[in-house]
Amino acid sequence: MTDLLSQQPRRIVIFGNAGSGKSTLAQRMGAALGLPVVHLDSLFWQPNWVEPEREQFRRRVTEAATGERWVMEGNYYSRTADIRLPRSDLVIRLDMPRALCASRVIRRSFMGGDRPDIAPG
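For the structure given in this document, a descriptive report is provided here. (Residues numbered from 1 in each chain as written. Predicted model: local features only at pLDDT ≥ 70, side-chain atom pairs only at ≥ 80, totals over all residues. Heavy atoms only, no water.)

## Observations regarding the sheet that holds strand β2 (residues 37-39)
- Ordered by their spatial adjacency, 4 strands build an open sheet running β2-β3-β1-β4, and the pairing between neighbours is parallel. Every other strand in the sheet has two partners, leaving β2 and β4 (90-94) as the edge strands with one partner each. Each strand axis lies, on average, 20° off the axis of its neighbour in the sheet, ignoring direction.
- Bridging between β2 and strand β3 (residues 70-73) involves 3 bridges; their strand directions are parallel. Bridging across to β3, Val38 finds its partner in Met72.
- Helix α2 (residues 22-33) rests against β1 (11-16), β2, β3 and β4 of the sheet, and its axis sits at about 165° to β1. (Pairing = 2+ DSSP bridges. Helix = DSSP H or I, 4+ residues; strand = E, 2+ residues; numbered from the N terminus. Axes fitted to C-alpha atoms, helices over the stretch in contact; angles between N-to-C directions. Contact = heavy atoms within 4.5 Å.)

Laid out in structure tokens, this is it:
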């Protein structure tokens, strides 16, 4: 990872299963590299977990991806890969064991609390 960081990527895409650590890695990489973090869930979900129309979401992602520097985490691969991947300097796919991902999702579901990567409500 040291070699990777010495190249100073400016636009990083992180994707993987729910509970794989996308948000945590994005926060840490953003802090280490001084990059703003974009959570796709916060662009997708509207208050009270209402889904936006497809084009509305794509406009939000396009706007976020036009920035010169970012770490963008989240899935929505088939909906937004054509927007994010061509602009990225680095793509990271987290491939964690299902049991680990499931335990993390269950744990955070019961913990509750506000997170920067999810919509209000």
